[in-house]
Amino acid sequence: MHLIDDLKWRYATKKYDASKKVSQENIDRIKKAVQLSASSYGLQPYKVLEIKDPELREALKPIAWNQSQITDASHLFVFCNYLNVSEENVAHMLQLNAEINGVDLEQLAGYGDFMNAKMKEKSSDEMENWTAKQTYIALGNALDACAELKIDSTPIEGFEPEAVNEKLGLRKKGLSAAVILAVGYRHEEDVTQHGKKVRKSMETLFEAV
């Protein structure tokens with residue numbers, strides 16, 4: 001199982017070699033893994049921003065605890081969760097489902113009503129928490145894809161969410177920054193790469209009930 005070896009290889013890279021860039025072909029593969037991620041009801045209540053502007057990355061660095069990965073990694077992505085899942089969002093996914101699977105939209109009406117009812121049950125806080133959880137599933141796929149491609153990655157929660165939201169104008173788009181992902185190639189001076197992976201034992205982590 002190659003995935004296990006890939007996961008043993010990866011680590012949260014602390015220092016990137018800014019001179020090394022990930023090819024567009026591999027970036028597209030990572031994006032495809034994100035697109036194919038599982039999500040509740042298939043709603044995918046998130047959007048991923050690729051921060052290409054070097055000046056914007058510099059501006060994000062101070063509000064991301066001055067972590068060098070923000071500016072030195074080859075690519076930087078901000079995974080943003082929806083603040084709310086609207087009836088329009090549900091209708092869009094139903095339309096996609098009908099088109100891709102070649103079914104009559106009316107056949108999906110009952111499922112749409114069910115989804116809308118479940119969304120309306122959530123408070124605003126519950127909704128944000130739920131969409132953020134969905135966003136992290138997509139992040140996991142991105143991390144696995146990077147590992148398979150032998151591309152280094154760093155999931156970053158160390159940032160000021162509201163400051164990032166303001167800098168990127170996310171709230172007015174109905175979004176909030178959930179997690180940042182740096183992607184690139186480790187610097188030879190990154191001492192973290194030489195450490196052994198520390199994880200709980202299988203016996204501690206799993207329990208049969």
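Here, the structure is the one placed above.
I will try to describe carefully the structure that is included in this document. Small disclaimer: the values here were computed from a predicted structure and weren't measured.

For the rest of this paragraph, the subject is the packing of helix α1 (residues 2–9) against helix α7 (residues 124–148). One way to put it is that α1 packs onto α7 with a least axis distance of 8 Å and a crossing angle of 95 degrees. Considering the angle they form, α1 stands roughly perpendicular to α7. Of α7, the residues touching α1 (which contributes L3, D6, L7 and W9) are D144, C146, A147 and E148.

Inspection of the entire model under this criterion finds 2 aromatic pairs. Ring centres 6.3 Å apart and planes at 55 degrees place the aromatic pair Y41 and W130 in the tilted group. Here the residue Y41 occupies a position in the loop between α2 (24–35) and β1 (46–50), and W130 occupies one in helix α7, the gap between them amounting to 89 residues. Taking relative accessible area as the criterion, Y41 reaches 30% and is therefore assigned partly exposed. Among the aromatic residues, those joined into a ring-pair cluster are Y41, F114 and W130. In this structure, K150 packs its charged tip against the face of W9, placed 5.3 Å from the ring centre.

Core analysis: the biggest nonpolar cluster contains 20 residues, and L60, V78 and L168 have the highest contact counts within it. Elements with a minimum of two residues in this core: β2 (75–82), α8 (161–168) and β4 (175–184). Considering every element that reaches this core, the biggest residue donor is β4, with 4 residues. Once residues lying within four places of it in the same chain are set aside, the contact partners of L168 are L49, I51, L56, L60, V78 and K173. Counting 18 residues, the second largest nonpolar core, distinct from the first, contains L139, A142, C146 and V179.

Analysis parameters
- Residues numbered from 1 in each chain as written.
- Predicted model: local features only at pLDDT ≥ 70, side-chain atom pairs only at ≥ 80, totals over all residues.
- Heavy atoms only, no water.
- Axes fitted to C-alpha atoms, helices over the stretch in contact; angles between N-to-C directions.
- Helix = DSSP H or I, 4+ residues; strand = E, 2+ residues; numbered from the N terminus.
- Parallel < 35°, antiparallel > 145°, perpendicular 65-115°, else oblique.
- Contact = heavy atoms within 4.5 Å.
- Phe/Tyr/Trp six-rings, centres within 6.5 Å; stacked < 30°, edge-to-face > 60°.
- Buried < 20%, exposed > 50% of the residue type's maximum accessible area, 1.4 Å probe, protein only.
- Lys NZ or Arg CZ within 6 Å of the ring centre and 35° of its normal.
- Core = buried A, V, L, I, M, F, W, Y, C linked by side-chain atoms within 4.5 Å.

Purely spatial values, then, with no claim about function.
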